[in-house]
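# Inside the fold
Residue-level listing of the chains:
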Amino acid sequence: MSSHVTDESSTEPLIETVGLRTHFITPRGIARAVDGVTVQIRRGQSLGVVGESGSGKTVLSRSMMGLLPRNGVIREGSIRYGGIEIQHRSPKQMRRVWGPEMAMVFQDPMTSLNPVMKVGKQVTESLQLHLGMSSSEAMAVAEKAFRDVGIPEAARRLNQFPHELSGGMRQRVMIAIALACGPNMLFADEPTTALDVTVQAQILDLLSAQIKDRHMSMLLVTHNLGVVAGYTDEIAVMYGGKVVERAPTKALFSNVKMPYTEALLQSIPRLSHASHSRLAVIPGRPPDLVDPPAGCRFAPRCAYARDLCRREEPELIQAESPDHTFACHFPVGSPEYHERREELSRMPAPLLGRP
Amino acid sequence: MTAEKITSGSDDHGAKKKLGIGFWLCVIWLTIMACVALFIPFLPLKSPTSNFVDATQGRPPYAPSWTHWFGTDKDARDVFSRTLHGARISLTVGFTAITAGFVVGGTIGVISGYFRGWLDRISSFVFVVLLSFPSLVLAILLTSLIERSLLTVSLVLGLLSIAPVGRLARAATIQYADREFVLAARQIGSKDHQIILKEILPNVAIPMSSLALLGMAVAVVAEGGLAFLGLSVEKGITWGGLIQLGSDSSRTLEDAPWISFFPILMLFLTVLSLNFAGDRLRAFFDVKEAAL
Amino acid sequence: MRFYGQRVALAILLLLAVSMLTFGALNVLGDPLFNVLGPVAGDVNNPDSIKMIEAAKREFSLDRPLPVRYAIWLSDFVRGDFGVTFSSTGQPPVSGVISERLPRTFTLVAMAQLIAVFVSIPWALITASRAGKISDRISTLNAFFLLAMPNFALAVILKFVFSIKLGWTPLTYVGNDPLGSRLFQMLLPALTIGLPVAAVYQRLLRTDIITTLQQDFILLARTKGLSRSRILIAHALRPSLFSFVTVVGLNTGALIGGSIVAETVFRIPGIGSTLVESVLRNDFPVVLAIVMIVASSFVIINLFVDFAYTLIDPRVRK
């Protein structure tokens, strides 16, 4: 598969999934980590996938890239890249794609980089393998790549080991590795979670700039809504292995529909809050992936849940605009929602969830 | 991230939960060998030193047959009987050696590990010195200087096992001496020796038990090596000695391989059983440890 | 630098301790006089014998106290003078005996170690990448069997199969043969010592490689599109080698012990077989010299193992 498959001007999605299911066989039973996810990402577009741990967001990105092991995993549904079905491709076939077409940036650069290999070599390795460069050509390209991602003294850094670099620089190296062969699709799995707050913004800016320059698509996985706010075109919120709301970024923040998303928004600490005010949290724990509750998976923790919610699982339906979908029986703004809010405001607890 | 850690076909997933049938097979074999070693005078065996020359078969050595299950050697001595007698010395030396090593090495290790300080430094240095010799070389050196009886050979091998046993006991003790239940015991006024006996020893005994089996295997092999070189119990029938007699000349080995091979087989099965059982035991306790 | 200095000092201390122990053991537990003169040593009533005893005592300094004798021996030893062997007529110098035989043992041990390392690394890589599958389980069983076979027994079996029945290797070692043929003659003994050790190495390395393969950077390597063999060799192997290097170094002692057995079975005149012969003949100077050489090499090798760590793991290099 080569890059010319996906035409720059195409409006067809670069990558899409239809009803993707990834189930793990565990001693306790089958864990439905990703349970029917349908998303599309067009060229040059970036999608943020947000959720708590256990929501399935990391499994989603790894499934889409085809990185999961063969044994103990049940795959269903379709994954199409450039119009071609890749769900059931063997690792051998996917290896030609990993690097030149798709790449992933991981969360912790200290453990994701080989500790005993010089960082320059970790970049030139891909260049030599996929683009057939000689080692001197590759080194020159790697040096330029380091400069592009903002690593100072690039030439010297090429010969250093990961432990000699700071956290932010290591993450830049990882980005350089990912972008080395010019992929069209980048999966970023919590790329800033392990970094200092000050560095986080720099890295996100870097990613954003690279994406624009290269007209790349990105899937950005994070548990932090604040991260996706400025850096993605669309956001998909995941809960219990399913997408529960999807909208263009602005619309999600201004016209939130699903109570879980609302709760996530409200749990972001803001400077405007009075100091020492309690952090709003969502009480309870993520659902059991092996034995999920009947009905809506968020119902046990939802402040607005009613009997219907516990009986019937809501389908994804459209909101006011066609690119905004959500799954909720009694979304934000509905009469039942307001009714419940009334009741809650009369109770002493400042938290939104059930006390 | 829990989903990611589910690996396929993981290593001995089921085997760790119980000791397994292999373990019990080894135990059975070892019990048989132990019984042989203990009850040899009462077993209906041919004499190991008599010559059973049979004119009708020509010159010895005779191949295995119904009268001589393992055949005979050049002097027409019954290999089966000699092999079983060999078990006696080899196993006794192995057992005594590791027991002595455990008692002395274990004590030194636990005490050093518990009290630390200059005692620990001295004993650690002694251990390192002992471990600076390849053990066979040291064994050869020591056994050549003494009168080689069952007891002395056992003690020499025991001496050699003091260092490895001591080191493990010390490491295990250090690990436990810092734990909370020891601190708690001290708070309620337990004396040191009480703490050692009641808190530390039972826990240290667990990793040591598998070392006991593995250590005995090493001792049996070491005795075999010494016997092969002529440095084990004098005038005793040992597996190593039998193997050496059967392979001393290429002629003998070529014409009558059974003289060496049956003792080799017995030695191999015994060492294999000790190793396997010791390993199973270690795997069994390892998992329990991790689950605590 | 401090690190290296400390280690070297410790090694020297260790060797001194070893030499004292050995010297002491030989002279206290054994009777040097007896070894020089034979039964004459005990014959205190015969005036001629007494003269011989006195002469021997003067010649070998046996009338001086033990620490003095030790000091004399030590000063000679470090200058390469190992004394004379007791038991041959004409008393040739021990150093001659040793220098003739040491290279053979060295070659044998080196061959065995090379076999062990070069067999165990691919073996470990293959079984680690197929962990849990049938081929891995079979390999584990094989390794177990190999480990349970004492090396003298293995030597006998291999000799039987390859030298006697198949005739592929010669039965004895001939010192005058050309180098190539002598090396070939050492192949079977080297295998005898090296294969069980390879099983030990493989077991350890396999576990370490499996652990390394669970690390995140291996996943990153996969996403670069690297092939499985490349990931194994270029990424997984090196970080897994730490314990391996230690074990290889420490095992040299076991190999030396194994060479004693192999030289005896395959009749190679190296210092291993010489040690056994000398011990059986109570030839103390030879025994002492060989024990010291063996212990010294052991200690020096351990020293190198410590230093080698810094080569493998750049993180330690500070």
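Residues numbered from 1 in each chain as written. Chains lettered and ligands numbered in written order. Predicted model: local features only at pLDDT ≥ 70, side-chain atom pairs only at ≥ 80, totals over all residues.

### So, the overall build of chain B
The secondary structure content of chain B amounts to 10 helices and 0 strands. For chain B, the α and β elements follow one another from N to C terminus as α-α-α-α-α-α-α-α-α-α. C-alpha atoms of chain B, sized along the principal axes, occupy 80 × 55 × 35 Å. Split into buried and exposed, the 292 residues of chain B put 47% on the buried side. (Helix = DSSP H or I, 4+ residues; strand = E, 2+ residues; numbered from the N terminus. Buried ≥ 20, exposed ≤ 12 C-beta atoms within 10 Å, placed from the backbone.)

### Some remarks on the overall build of chain C
Across its full length, chain C carries 14 helices and 0 strands. Tracing chain C from N to C terminus, the helices and strands come up as α-α-α-α-α-α-α-α-α-α-α-α-α-α. Residue burial in chain C is summarised as follows: out of 318 residues, 39% are buried.

### A word on the environment of B:I174
Looking at where B:I174 falls in the secondary structure, it is placed in helix α5 (residues 150–177). Measuring from C-alpha to C-alpha, the distance between B:I174 and B:S112 comes to 8.8 Å, with 62 residues separating the pair along the chain.

### A few points about the environment of C:A262
Residues and elements named next belong to chain C. Along the chain, the position of A262 falls in helix α12 (residues 241–265). Overall, the presence of 33 C-beta atoms within 10 Å leaves A262 in the buried class. Here the alpha-carbon distance between A262 and L154, two residues 108 residues apart in the chain, equals 9.6 Å. Setting aside anything within four residues of it in sequence, one finds A262 in contact with L108, N151, A155, P189, T192 and I193. (Contact = placed C-beta atoms within 7 Å.)

### Describing the pairing of strand β4 (residues 73–81) of chain A
All names here are of chain A. In the sheet, strand β1 (residues 13–26) pairs with β4 via 8 bridges, with the strands oriented antiparallel. Considered in β4, the bridge of F24 is made with V73. The sheet contact formed by β4 and strand β5 (residues 84–85) spans 2 bridges and is antiparallel. What sits directly across from R80, in β5, is E85. Hairpin geometry of β4 and β5 is characterised by an intervening segment of 2 residues between the two adjacent antiparallel strands and by a positive phi of about 60 degrees at G82. (Pairing = 2+ DSSP bridges.)

### Structural notes on the nonpolar core
Within the largest apolar cluster, 147 residues are counted, with the highest numbers of intra-cluster contacts made by B:A139, B:I140 and C:V287. Here C:V287 is in contact with B:L141, C:L26, C:L275, C:S278 and C:V279, once residues within four sequence places are set aside. Core analysis: the second largest hydrophobic core is formed by 100 residues, A:F106, A:A142, A:V237 and A:V256 among them. (Core = buried A, V, L, I, M, F, W, Y, C linked by C-beta atoms within 7 Å.)

### Details of the interface of chain C and chain B
Contact residues are listed per partner, giving 42 residues for chain C and 37 residues for chain B. When contributions to the side of chain C that touches chain B are tallied by element, the ones reaching two or more residues are α1 (2–29), α6 (134–148), α7 (151–165), α12, α13 (271–280) and α14 (284–312) of chain C. Among the residues making up the side of chain C that touches chain B, the classes are represented as 34 nonpolar, 6 polar and 2 charged. (Nonpolar A, V, L, I, M, F, W, Y, C, P; charged D, E, K, R; others polar.)

### Side note on the packing of helix α2 (residues 79–115) of chain B against helix α3 (residues 117–130) of chain B
All names here are of chain B. Viewed as axis vectors pointing N to C, α2 and α3 meet at an angle of 140 degrees, and their least axial separation amounts to 7 Å. Judged by the inter-axis angle, α2 sits oblique to α3. The handedness of the crossing between α2 and α3 is left-handed. On α3, the residues touching I108, I111, S112 and F115 of α2 are G117, L119, D120, S123 and S124. Its residues assigned to classes, the contact of α2 with α3 comprises 4 nonpolar, 4 polar and 1 charged. (Axes fitted to C-alpha atoms, helices over the stretch in contact; angles between N-to-C directions. Parallel < 35°, antiparallel > 145°, perpendicular 65-115°, else oblique. Left-handed = near helix turned anticlockwise from the far one by under 90°.)

### Re the sheet that holds strand β8 (residues 217–222) of chain A
Backbone hydrogen bonds are what pair the strands of a sheet, in a parallel or an antiparallel way. If you walk across this open sheet you meet the 8 strands as β6-β7-β8-β3-β9-β10-β12-β11 (chain A), and the pairing is mixed. Looking at the sheet topology across the chains shown, the edges are occupied by β6 (102–105) and β11 (317–318) of chain A.

### Here we look at the environment of B:T173
All names here are of chain B. Mapped onto the fold, T173 is located in helix α5. As for T173 and A205, which are separated by 32 residues in sequence, their C-alpha atoms are 9.9 Å apart. Sequence-distant contacts of T173, that is, excluding residues within four places in its chain, are made with G109, V110, G113, Y114, I200 and V204.

### Here's the deal with unusual backbone geometry
Of note, the phi angle at A:E190 is positive, near 50 degrees, even though the residue is not glycine. For A:E190, the location among the structural elements is in the loop between β7 (185–189) and α8 (197–214). Overall, the presence of 20 C-beta atoms within 10 Å leaves A:E190 in the buried class. Even without a glycine there, the phi angle at B:R116 is positive, about 55 degrees. Relative to the elements of secondary structure, B:R116 occurs in the loop between α2 and α3.

### Some details on the sheet that holds β1(A)
All names here are of chain A. The 4 strands are arranged β2-β1-β4-β5 in an open sheet whose pairing can be described as antiparallel. A single partner strand is all that each edge strand has here, and the edge strands are β2 (29–42) and β5. By the bridge criterion, 11 bridges tie β1 to β2 in an arrangement that is antiparallel. Residue T26 lies in a different strand from β2, and its bridge partner there is G29.

### Quick notes on α6(C)
For α6(C), with 15 residues, the first-to-last C-alpha span of 21 Å sits near the 21 Å given by 1.5 Å per residue. Taken together, the buried positions of α6(C) are occupied by C:S139, C:A143, C:L147 and C:A148. (Expected span 1.5 Å × (residues − 1).)

### Some thoughts on α3(B)
Because an α-helix completes one turn every 3.6 residues, residues spaced three or four positions apart along the sequence face the same direction. Residue and element names in this part refer to chain B. If you check α3, its first and last C-alpha atoms are 20 Å apart, about what 14 residues at 1.5 Å a residue would give, namely 20 Å. Within α3, burial applies to S123, F127, V129 and L130. Angularly, the buried residues of α3 cover 165 degrees about the axis, an arc narrow enough to put them on a single face. Exposed residues lying more than 90 degrees from the buried face of α3 are G117, W118 and R121. (Arc of directions from axis to C-beta.)

### Concerning the confidence of the model for chain C
All names here are of chain C. On average, residues of chain C score 80 in pLDDT, and 84% of them are at 70 or above. Summarising per-element confidence for chain C, the mean pLDDT is lowest in helix α2 (residues 32–37) (62) and highest in helix α10 (residues 216–223) (92). Prediction confidence for the complex, expressed as pTM and ipTM, is 0.79 and 0.83 respectively. (pLDDT = per-residue confidence, 0-100.)

### Concerning the packing of α2(B) against helix α7 (residues 192–228) of chain B
Residues and elements named next belong to chain B. Put simply, α2 and α7 touch, their axes get as near as 8 Å, and they point 145 degrees apart. Both α2 and α7 take part in a crossing whose hand is right-handed. Contacts from S90, L91, V93, G94, F95, A97, I98, G101, F102, G106, V110 and Y114 in α2 reach I196, I200, L201, V204, M208, A212, G215, M216, A219, V220, E223 and G224 in α7. Classifying every residue of the contact of α2 with α7 by side-chain character gives 17 nonpolar, 6 polar and 1 charged.

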